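A closer look at the structure
Chain by chain, the residues:
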Amino acid sequence: MPLPIAELHLHIEGTLEPELAFELAARNGVALPYADTDALREAYRFADLQSFLDLYYALMAVLRTERDFEDLANAYLARAAAQGVRHAEIFFDPQAHLARGVGMETVVEGLWRALGSSVQNHGVSTRLILCFLRDESAESALATLDAATPYLDRITGIGLDSAEVGHPPAKFREVYGKAAALGLRRVAHAGEEGPPEYITEALDVLGVERIDHGLRCAEDPELVERLVRERIPLTLCPLSNVRLRTVDTLADHPLPALLDAGLLCTVNSDDPAYFGGYAGDNLDAVRDTLGLSDERLRELARNSFLASFLEDDEELRAR
Ligand code: ES4
Ligand code: ZN
């Protein structure tokens, strides 16, 4: 039996496996510039975050209908459940779909067809987190939040993702303020490729409750102290960091040092179809390569529920 865990850093578009990509391409009459799934998998060699994002956005072309989003989410939930995931807080990137003429309604209704029955069908409770693309304008983020207003009963929070360097958190001060006033929870990617200062800015300017990645806090001992003191969770994604070359090898990952420093770390999968593993695979990898003890693994599992947006009573039931 795998350890029960909560997945807190998961881009639903990043769960698109090559087999499903080809199936949806055929269903929707979309041509893919790859001969077959092996050829597509061959393209999964990334030099950095941007080289991954280029393929990630290109493959979204196969996602067109509510049913596509439903199938994508059901495939993820089944895989996650098999690896011990009991609760998943799922990011989606509406701007990437709106730009292709796929509406907010299609995306949210489609995902909800799977998420709305996930407890019954998969034994996984879920939350939806709308992410803004930080390489798009602040105005575009505001328009996206407006477009999401009819669906806020299904959306728990907001996040910030895509190309980090050159797009500091403060660019999104206004939309985070509006989201807070609407009662939305707030997270942001920071310190993945960007500097530790972006982590501080996400906390101070955007008021985020968790930092997605946050890896580069390790470069700033005072920031680590602050994150420990304020119990700010980090949603780390070890296999992602290896594939995007944020760390040289998994053996160099700062997870053990961050745990030793007292940080509330969680282990997550980010874009599992692209990075070689789901949540349980990430935990197995850090156990095997970083030599984490069973006690440390139990701590990571406990942290994942503590850092989740589940209410206390739901949290206890989920773990
Ligand atoms: C992402 Cl790994 C990563 N970083 C930033 N933005 C993203 N969107 C999807 N995956
Ligand atoms: Zn991410």
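Residues numbered from 1 in each chain as written. Chains lettered and ligands numbered in written order. Predicted model: local features only at pLDDT ≥ 70, side-chain atom pairs only at ≥ 80, totals over all residues.

**As for the overall build of the protein chain**
Along the protein chain, the regular secondary structure elements total 17 helices and eight strands. The C-alpha radius of gyration computed for the protein chain amounts to 18 Å, which stays within 12% of the reference 20 Å derived for 319 residues, consistent with globular compactness. Its C-alpha atoms give the protein chain principal-axis dimensions of about 50 × 40 × 40 Å. Within the protein chain, buried positions represent 48% of all 319 residues. Restricting to contacts in the protein chain with at least 6 residues of sequence separation, those with at least 24 account for 76%. (Helix = DSSP H or I, 4+ residues; strand = E, 2+ residues; numbered from the N terminus. Rg over C-alpha atoms; globule rule 2.2 N^0.38 Å. Buried ≥ 20, exposed ≤ 12 C-beta atoms within 10 Å, placed from the backbone. Contact = placed C-beta atoms within 7 Å.)

**Description of unusual backbone geometry**
The phi dihedral of Ser-162 falls on the positive side, at around 80 degrees, and the residue is not glycine. One can find Ser-162 in the loop between strand E4 (157–161) and helix H9 (173–181). Phi is positive for His-213, close to 75 degrees, though the residue is something other than glycine. You can see His-213 is positioned in strand E6 (residues 210–213).

**As for H9**
Three or four residues apart is the spacing at which side chains of an α-helix point the same way, because the helix has 3.6 residues per turn. All buried positions along H9 are accounted for by Val-175, Tyr-176 and Ala-179. The buried side chains of H9 occupy one side of the element, clustering within an arc of 100 degrees when seen end-on. Packed against the buried residues of H9 are strand E3 (125–133), helix H8 (138–148), E4 and strand E5 (185–190). Phi turns positive one or two residues past the end of H9, at Gly-183, with a value near 85 degrees. (Arc of directions from axis to C-beta.)

**Examining the UniProt feature "site: Important for catalytic activity" (unreviewed entry) in the protein chain**
Within the UniProt annotation, "site: Important for catalytic activity" (unreviewed entry) is assigned to His-213. Owing to 27 C-beta atoms within 10 Å, His-213 belongs among the buried residues under this scheme. Among all residues touching His-213, those that are not within four sequence positions of it are His-189, Ala-190, Gly-191, Glu-192, Leu-236 and Cys-237. (UniProt positions renumbered as here; feature names shortened; annotations may be inferred.)

**What about the pairing of strand E2 (residues 85–92)?**
Where burial is concerned, most of E2 is hidden: eight out of the eight residues are buried. Pairing geometry for strand E1 (residues 5–11) and E2, over five bridges, is parallel. Across the sheet, residue Leu-10 finds its bridge partner in E2, namely Ile-90. Relative to E3, E2 is paired through six bridges, and the arrangement is parallel. Bridging from a neighbouring strand, His-87 pairs with Ser-125 of E3. (Pairing = 2+ DSSP bridges.)

**Some words on the site of ligand 1**
Surveying the vicinity of ligand 1 reveals the residues His-11, Gly-14, Leu-49, Tyr-56, Asp-161, Ser-162, His-189, Glu-192, Ser-240, Asp-270 and Asp-271. A class-by-class count of the residues in the shell around ligand 1 yields two nonpolar, five polar and four charged. (Near = placed C-beta within 6 Å. Nonpolar A, V, L, I, M, F, W, Y, C, P; charged D, E, K, R; others polar.)

**A word on the sheet that holds E3**
Read from one edge to the other, the open sheet built from eight strands follows the order E1-E2-E3-E4-E5-E6-E7-E8, with strand pairing classed as parallel. Sheet topology places E1 and strand E8 (265–267) at the edges, where each strand pairs with a single neighbour. With direction set aside, neighbouring strand axes in the sheet form an average angle of 25 degrees. Contacting E1, E2 and E8, helix H15 (residues 279–290) crosses the sheet at an angle of about 115 degrees to E8. (Axes fitted to C-alpha atoms, helices over the stretch in contact; angles between N-to-C directions.)

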